[in-house]
Amino acid sequence: EVRLHFPNTKRGGDREELELSIDAVVPRGHGYAEDLLAIFFGGGLGASGPIWGGASLSGPPARLSGQAKVLGEGISYLWEDFERLAIQAEVKEGTLHIEQGLASKPSGKALEGRGWIAPGGDLDFRFDLDRMMLSEMAPIRDRFGARSSSLVELAGGGAAWMDGEVSGYAQIGGALKNIE
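Because the structure is predicted, anything quoted here is derived from the model rather than measured. (Residues numbered from 1 in each chain as written. Predicted model: local features only at pLDDT ≥ 70, side-chain atom pairs only at ≥ 80, totals over all residues. Heavy atoms only, no water.)

Draft legend 1. A look at the overall build of the chain. Helix and strand counts for the chain come out as two helices and twelve strands. Classification of the 180 residues of the chain by burial places 27% in the buried group. The long-range fraction of contacts in the chain, counting pairs at least 24 apart against all pairs at least 6 apart in sequence, stands at 39%. As displayed, the chain offers around 11300 Å² of accessible surface, 54% of which is attributable to carbon and sulfur atoms. (Helix = DSSP H or I, 4+ residues; strand = E, 2+ residues; numbered from the N terminus. Buried < 20%, exposed > 50% of the residue type's maximum accessible area, 1.4 Å probe, protein only. Contact = heavy atoms within 4.5 Å. Areas by Shrake-Rupley, 256 points an atom, 1.4 Å probe, with all protein chains shown as cover.)

Okay, here's the thing in structure tokens:
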């Protein structure tokens, strides 16, 4: 549902500029990340897969504010695949703030993200990963198999056992158009 509130101070009203009220619901099975993200961010995010959720926004078109919740399954982002996605976001005067974003693997291990993206494409995000098995990461799984430890053939001949987990964080800032 979309409501337009036209400026009307010349007629005794209390609005000086156009305002919108938007209550949107994307039912399960009716939305895809690659389509919906392109509306807001162009092709810069590169995520794909089914998503659903809702948002309630209001204010001047260039400075909307409100809340949103997005869920998804079978999400791909860059080189990685995730079983589930859950994002809780707030929009403050046009800037999208991800308060909590979790992209999880079948084991329950998750990549957590928090940060913001401004209308012009500037962003500041932090991603945290806590103890994900190497075998759960798509490039390693695709090359060496899905076992928790694997015999790996080395380029110069011979072999080695691959086993372990990854933990860490990444801080990303700058302009969305410069991130590839």
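Draft legend 2. Quick peek at the pattern of salt bridges. Per the stated rule, a full pass over the model turns up eight salt bridges. Between Arg-84 and Glu-73 there is a salt bridge, with the nearest N and O atoms lying 2.5 Å from each other. Taken together, the residues span a long stretch of sequence, with Arg-84 in strand β6 (residues 80–92) and Glu-73 in strand β5 (residues 65–77) at a distance of eleven residues. For Arg-131, the salt bridge is made with Glu-165, and the minimal N-O distance between the two is 3.1 Å. Note that Arg-131 is positioned in strand β9 (residues 122–133) and Glu-165 in strand β12 (residues 165–175), a separation of 34 residues in sequence. What makes Arg-131 partly exposed here is its relative accessible area of 43%. A cluster of three or more residues bridged by salt bridges with shared partners is formed by Arg-28, Glu-73 and Arg-84. (Salt bridge = Lys/Arg side-chain N within 4 Å of Asp/Glu carboxyl O.)

Draft legend 3. Broad picture of the nonpolar core. The biggest cluster of nonpolar side chains holds twelve residues, and these are Leu-20, Leu-57, Leu-64, Ala-68, Ala-89, Val-91, Leu-96, Ile-98, Ile-117, Leu-123, Phe-125 and Leu-176. Elements supplying a minimum of two residues to this core: β6, β7 (95–104) and β9. Leaving out residues up to four positions away in the same chain, Leu-20 has contacts with Arg-3, Leu-4, His-5, Leu-57, Ser-58, Gly-59, Pro-61 and Leu-64. Counting seven residues, the second-largest nonpolar core is a separate cluster that includes Ala-47, Phe-82, Leu-85 and Ala-103. (Core = buried A, V, L, I, M, F, W, Y, C linked by side-chain atoms within 4.5 Å.)

Draft legend 4. Layout of the side chain of Ser-104. Looking at the secondary structure, you find Ser-104 in strand β7. Overall, the relative accessible area of 16% leaves Ser-104 in the buried class. In contact with Ser-104, other than residues within four places in its own chain, are Phe-82, Glu-83, Arg-84, Lys-109 and Ala-110.

Draft legend 5. How the structure looks around the pairing of β7. Here β6 runs beside β7; their pairing, made up of nine bridges, is antiparallel. Paired with Arg-84 across the bridge in β7 is Ser-104. Here β6 folds back onto β7, and the loop between the two strands holds two residues, one of which, Glu-93, carries a positive phi near 50 degrees. Pairing between β7 and strand β8 (residues 110–117): seven bridges, direction antiparallel. Bridging from a neighbouring strand, Gly-101 pairs with Gly-113 of β8. The turn joining β7 and β8, which pair antiparallel and follow one another in sequence, is formed by five residues; a positive phi near 95 degrees is taken by Gly-108. (Pairing = 2+ DSSP bridges.)

Draft legend 6. Summary view of the packing of aromatic side chains. If you walk through the whole model with that rule in mind, you get one aromatic pair. Ring centres 5.8 Å apart and planes at 15 degrees place the aromatic pair Phe-125 and Phe-127 in the stacked group. The side chain of Lys-105 reaches across the aromatic face of Phe-82, ending 5.2 Å from its centre. Over the aromatic face of Tyr-169 sits the side chain of Arg-126, whose NZ or CZ is 4.0 Å from the ring centroid. (Phe/Tyr/Trp six-rings, centres within 6.5 Å; stacked < 30°, edge-to-face > 60°. Lys NZ or Arg CZ within 6 Å of the ring centre and 35° of its normal.)

Draft legend 7. Focus on unusual backbone geometry. Unlike most non-glycine residues, Glu-93 shows phi in positive territory, near 50 degrees. Assignment of secondary structure puts Glu-93 in the loop between β6 and β7. Residue Arg-131 is not a glycine yet carries a positive backbone phi of 60 degrees.

On their own, these measurements won't tell you what the molecule is for.
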